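Analysis of the macromolecular model
So you can see what is in the structure, the chains are spelled out below.
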Amino acid sequence: MKDLKGKKAIITGGSRGLGRATAIALAKEGVEIAITGRNEETLQQTVAELEAIGVKAMYSVFDISKYEEVKNSIKEILNTLGDVDILINNAGIATLGSFNDMEVDVWTQMIETNVLGTYFVTKEVLPFLLKKNEGDIINVASTAGLNGNANVSAYSASKFAVIGMSESLMKEVRKNNIRVCTLTPSTIVTDMAVEAGIVDEEDNDQVLKPEDFAALIVAGLKLPGRAMLVNASLWSTNP
Ligand SMILES: NC(=O)c1ccc[n+]([C@@H]2O[C@H](COP(=O)([O-])OP(=O)(O)OC[C@H]3O[C@@H](n4cnc5c(N)ncnc54)[C@H](OP(=O)(O)O)[C@@H]3O)[C@@H](O)[C@H]2O)c1
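In this report, the structure presented in the accompanying data block is examined. (Residues numbered from 1 in each chain as written. Predicted model: local features only at pLDDT ≥ 70, side-chain atom pairs only at ≥ 80, totals over all residues. Heavy atoms only, no water.)

1. Describing the overall build of the chain
Along its length, the chain carries seven helices and seven strands. If you list the helices and strands of the chain from N to C, you get β-α-β-α-β-α-β-α-β-α-β-α-α-β. A compact globule built from 239 residues would reach a C-alpha radius of gyration of about 18 Å, and the chain, at 17 Å, matches this within 12%. Based on the C-alpha atoms only, the size of the chain along its principal axes is roughly 45 × 35 × 35 Å. Of all 239 residues assigned to the chain, the portion counted as buried reaches 49%. Counting contacts in the chain only where the partners sit at least 6 residues apart, residues at least 24 apart contribute 68% of the total. The averaged location of the 31 negative side-chain charges in the chain is 12 Å from the averaged location of its 23 positive side-chain charges. (Helix = DSSP H or I, 4+ residues; strand = E, 2+ residues; numbered from the N terminus. Rg over C-alpha atoms; globule rule 2.2 N^0.38 Å. Buried < 20%, exposed > 50% of the residue type's maximum accessible area, 1.4 Å probe, protein only. Contact = heavy atoms within 4.5 Å. Lys, Arg positive; Asp, Glu negative; His and termini not counted. Charge placed at Lys NZ, Arg CZ, Asp CG, Glu CD.)

2. Some remarks on the site of the ligand
Around the ligand there are 29 residues in total, and S15, L18, R38, Y155 and T190 lie nearest to it. Within the backbone of N39, a nitrogen or oxygen atom sits 2.8 Å from an oxygen atom of the ligand. Within the side chain of K159, a nitrogen or oxygen atom sits 2.9 Å from an oxygen atom of the ligand. For the ligand, the protein covers 96% of the area, taking 890 Å² as the surface of the free molecule. Mapped by element, the contributors of at least two residues to the shell around the ligand are α1 (17-28), α5 (153-173) and α6 (191-195). Residue classes in the shell around the ligand are distributed as 12 nonpolar, 12 polar and five charged. (Near = heavy atom within 4 Å. Polar contact = N/O pair within 3.5 Å; in protein donor to acceptor, adjacent residues only side chain to side chain. Areas by Shrake-Rupley, 256 points an atom, 1.4 Å probe, with all protein chains shown as cover. Nonpolar A, V, L, I, M, F, W, Y, C, P; charged D, E, K, R; others polar.)

3. Looking at the pattern of salt bridges
Going through the model one piece at a time under the given rule, you end up with 10 salt bridges. Between E134 and K7 there is a salt bridge, and its shortest N-O distance comes to 4.0 Å. With E134 in the loop between α4 (104-132) and β5 (135-140) and K7 in the segment before β1 (8-12), the pair connects residues that are 127 residues apart, well separated along the chain. Overlapping salt bridges bring together D83, D85 and K132 as one network. (Salt bridge = Lys/Arg side-chain N within 4 Å of Asp/Glu carboxyl O.)

4. Some details on unusual backbone geometry
Comment: phi is negative for the bulk of residues other than glycine, and the bulk of peptide bonds are trans. One non-glycine residue with positive phi stands out, namely N177, at about 65°. Structurally, N177 can be placed in the loop between α5 and β6 (178-185). Of note, N231 is a non-glycine position whose phi angle comes to about 45°, a positive value.

5. Section: the environment of T237
Checked against the element boundaries, T237 lands in the segment after β7 (232-234). A sequence separation of 23 residues divides T237 from A214, and the C-alpha atoms of the two residues are 17 Å apart.

6. Observations regarding the sheet that holds strand β3 (residues 57-61)
Strand order across the open sheet formed by seven strands is β3-β2-β1-β4-β5-β6-β7, with parallel pairing between neighbours. Where the open sheet ends on each side, the last strands, each with one partner, are β3 and β7. Adjacent strand axes in the sheet meet at a mean angle of 20°, parallel and antiparallel pairs treated alike. Pairing geometry for β6 and β7, over three bridges, is parallel. Within the sheet, the bridge partner assigned to T184 lies in β7 and is S233. The strands that helix α2 (residues 40-53) touches are β2 (32-37) and β3; relative to β3, the one it contacts most, it runs at about 170°. Packed on one face of the sheet, α5 meets β5 and β6 and runs near 160° to β6. (Pairing = 2+ DSSP bridges. Axes fitted to C-alpha atoms, helices over the stretch in contact; angles between N-to-C directions.)

Okay, here's the thing in structure tokens:
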């Protein structure tokens, strides 16, 4: 299995939820981490947790849906890290509602964040991985990117797009020893799932936890040789 110690990772949306759990799991493997998000206070709290584990950690505040912000911030992150091995495109939003009732602004924001945000960040990081001829990109999609359901049209459209974009990129850059992995988790207890009303916080033993998700990421990154996970789903045994 690959040793992750000494690697450098950028995790978008690393302040809370799945991104935070992933950052903590990777820190425990000795990975140096840059987390990103819009809320500085939450980012600071998570960086303090990562440093307490004993790794170098930093944060950057920017909105992934705004290309100029992404471009400048990724440049600054790379200047500070000096290198990057792993990019985890995790930041995302989910608003549920019927197709007929959902406002155009809400639909647009979901596409701009989940699809364009993933594209913008990847566009800025990919040249560094190509230059090294090595690296890992992990894109967080969802089961909603595999099947449509009522009241999730915008979220589902955004995650279908993430899967298609990732698969195309994977087929372009695997010859460059860059592994592009897409994860399609089902419901996991986070702010997003609770706010969307998909899961009750008090009921959280019934579904997957962020730590379960983080374990899949660590396992994928540790795969030996040139093997990579593609379109990996994560489900709970508890229906
Ligand atoms: N939880 C689930 O059940 C589940 C299932 C399948 C897939 N997913 C996917 O997993 C990923 C993480 O979800 P989560 O449940 O951990 O959500 P969460 O708890 O709501 O966390 C979302 C993270 O993304 C950041 N973020 C959101 N919009 C952003 C923007 N425009 N620019 C920069 N950062 C932004 C947030 O930070 P700020 O608020 O500070 O910006 C936060 O760190 C998402 O892509 C989601 O679609 C979640």
